[in-house]
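These are the residues of each chain, in order.
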Protein chains: 2
Amino acid sequence: MNVDALPLLATSSCCQPLDRAGLTDKDAETTAAIFKALSEPARVTIVNLLARSPEPVCVCELTPALRLSQPTVSHHLKKLVDAGLLHREQRGVWAFYTLDREALDRAAGILQLEGVRT
Amino acid sequence: MNVDALPLLATSSCCQPLDRAGLTDKDAETTAAIFKALSEPARVTIVNLLARSPEPVCVCELTPALRLSQPTVSHHLKKLVDAGLLHREQRGVWAFYTLDREALDRAAGILQLEGVRT
DNA sequence: GACAGATATCGACGTTTGTCGATACGCTTC
DNA sequence: GAAGCGTATCGACAAACGTCGATATCTGTC
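Residues numbered from 1 in each chain as written. Chains lettered and ligands numbered in written order. Predicted model: local features only at pLDDT ≥ 70, side-chain atom pairs only at ≥ 80, totals over all residues. Heavy atoms only, no water.

Asks: It is not clear to me how the relation of the copies chain B and chain A should be interpreted in this structure. Could you clarify?
Replies: Turning chain B through 180° and shifting it by 0.0 Å along the axis lays it on chain A, with an RMSD of 0.0 Å. Taken together, the rotation and translation describe the operation of a two-fold axis. No C-alpha of chain B approaches the rotation axis more nearly than that of Ala 108 of chain B, which lies at 2.3 Å. The residues that chain B uses at the interface reappear at the interface of chain A in 100% of cases, marking a shared surface. (Least-squares fit on C-alpha atoms with pLDDT ≥ 70 in both. Contact = heavy atoms within 4.5 Å.)

Asks: Just to check I follow, could you spell out the protein's contact with DNA strand D for this structure?
Replies: What surrounds DNA strand D is a group of 24 residues, the closest being Gln 70, Ser 74, Arg 88 and Tyr 97 of chain A together with His 76 of chain B. Sugar plus phosphate: this is where 69% of the atoms of DNA strand D within 4 Å of the protein reside. Separating a base nitrogen of DNA strand D from a side-chain N or O atom of Gln 70 of chain A is a distance of 2.7 Å. At the level of elements, α3 (59-66), α4 (70-82) and β3 (94-99) of chain A together with α4 (70-82) of chain B are the ones that each hand at least two residues to the surface near DNA strand D. Tallying contributions element by element places α4 of chain B first for the surface near DNA strand D, with five residues. (Near = heavy atom within 4 Å. Polar contact = N/O pair within 3.5 Å; in protein donor to acceptor, adjacent residues only side chain to side chain. Helix = DSSP H or I, 4+ residues; strand = E, 2+ residues; numbered from the N terminus.)

Asks: What exactly am I supposed to notice about the interface of chain B and chain A here?
Replies: Often, the extent of an interface is quoted as the loss of accessible area upon association of its parts. Opposite the 35 residues of chain B that make contact, chain A presents 35 residues. The contact between chain B and chain A buries some 3000 Å² in all, and 62% of this surface belongs to carbon and sulfur atoms. Run the count over chain B and chain A and you get four salt bridges. The closest approach of N and O atoms between Lys 36 of chain B and Glu 40 of chain A, which form a salt bridge, is 3.6 Å. Here chain B is connected to chain A by six residue pairs in polar contact (both at pLDDT 80 or more). (Buried area = accessible area lost by both parts, 1.4 Å probe. Salt bridge = Lys/Arg side-chain N within 4 Å of Asp/Glu carboxyl O.)

Asks: Sorry, what's going on with the sheet that holds strand β3 (residues 94-99) of chain B here?
Replies: Two pairing modes exist for strands in a sheet, parallel and antiparallel, and in both the strands are linked by backbone hydrogen bonds. Residue and element names in this part refer to chain B. Across the sheet, three strands lie side by side as β1-β3-β2; this open sheet has antiparallel pairing. With one partner strand each, in any of the chains shown, β1 (57-58) and β2 (86-91) form the two edges of the open sheet. Of the pairings in the sheet, the one linking β2 to β3 comprises six bridges and is antiparallel in character. From the neighbouring strand, His 87 faces β3, where its bridge partner is Thr 98. On top of the sheet, helix α2 (residues 41-51) reaches β1, β2 and β3; it is set at about 85° to β3, its chief contact. (Pairing = 2+ DSSP bridges. Axes fitted to C-alpha atoms, helices over the stretch in contact; angles between N-to-C directions.)

Asks: How should I be thinking about the pattern of salt bridges in this particular structure?
Replies: Any two side chains of opposite charge can pair, so long as their charged atoms come close to each other. Residues and elements named next belong to chain B. Applying the stated criterion to the full structure yields ten salt bridges over all chains. Its salt-bridge partner being Lys 78, residue Asp 82 comes within 3.7 Å of it at the nearest N-O pair. Taken together, the positions of Asp 82 and Lys 78, both in helix α4 and four residues apart, correspond to about one turn of that helix. We classify Asp 82 as partly exposed; its relative accessible area is 43%. Given a relative accessible area of 52%, Lys 78 falls into the exposed group. (Buried < 20%, exposed > 50% of the residue type's maximum accessible area, 1.4 Å probe, protein only.)

What follows is the structure, encoded as structure tokens:
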């Protein structure tokens, strides 16, 4: 199986807590790439808009909300899809995007350490 | 109170779930900045090393582990401190760093949506 | 107070990234 | 199949970033 072809958040080693032992260079790279997807204000806003909608959201609705050009919005959407956080769905000429809430959950899991808390 | 002078993860509006309404441009910027701190493999490795240690860790221990130059490691540590994820402690000539586990928890909270799950 | 060692800051460099205009692609309709 | 529309890709550019060598700063020691 070609892991590199999958969205980051679908790979097997992507979502282990940050306090696990034996973190390889590749693991660190994968984890960093996931958070890099969320490291731009425009992409945070996209996730926010999708998180608040129970239905898939059209690009034609995202573009004016972000006040960015259409190619730039498309660029950010691709980054989020590549990271595994969003799903794309074609409806006629329109493209609709959905937030993968489970993927977001798994990303949160990376930040939840296993150690006993006081 | 000058919020800008505080570590990101200590500001009041930093850690609200990503599905809340009324996300401003500034909120998106703050949230993105937090994840940007975790968007580099070297910094992920630093957090991993600190998460696995119950004691503060010396820079002199981090530098060889990261296989990066001392100025570069210092640079990454500063980024993580500025984000509010790490604390710095001076012990003689040595600098020790500690992971702020509560800050990491709050960062995880951003990714945990409040909506009812199916 | 001069010295030695650990860490932070500075300056410079190449790479990556966000942004946009222009253009290509895919779908629907006539 | 031609035209129109929504979206993705391409090419270019400026800004941001990671990296390192050189240097400054701070601390403890003699």
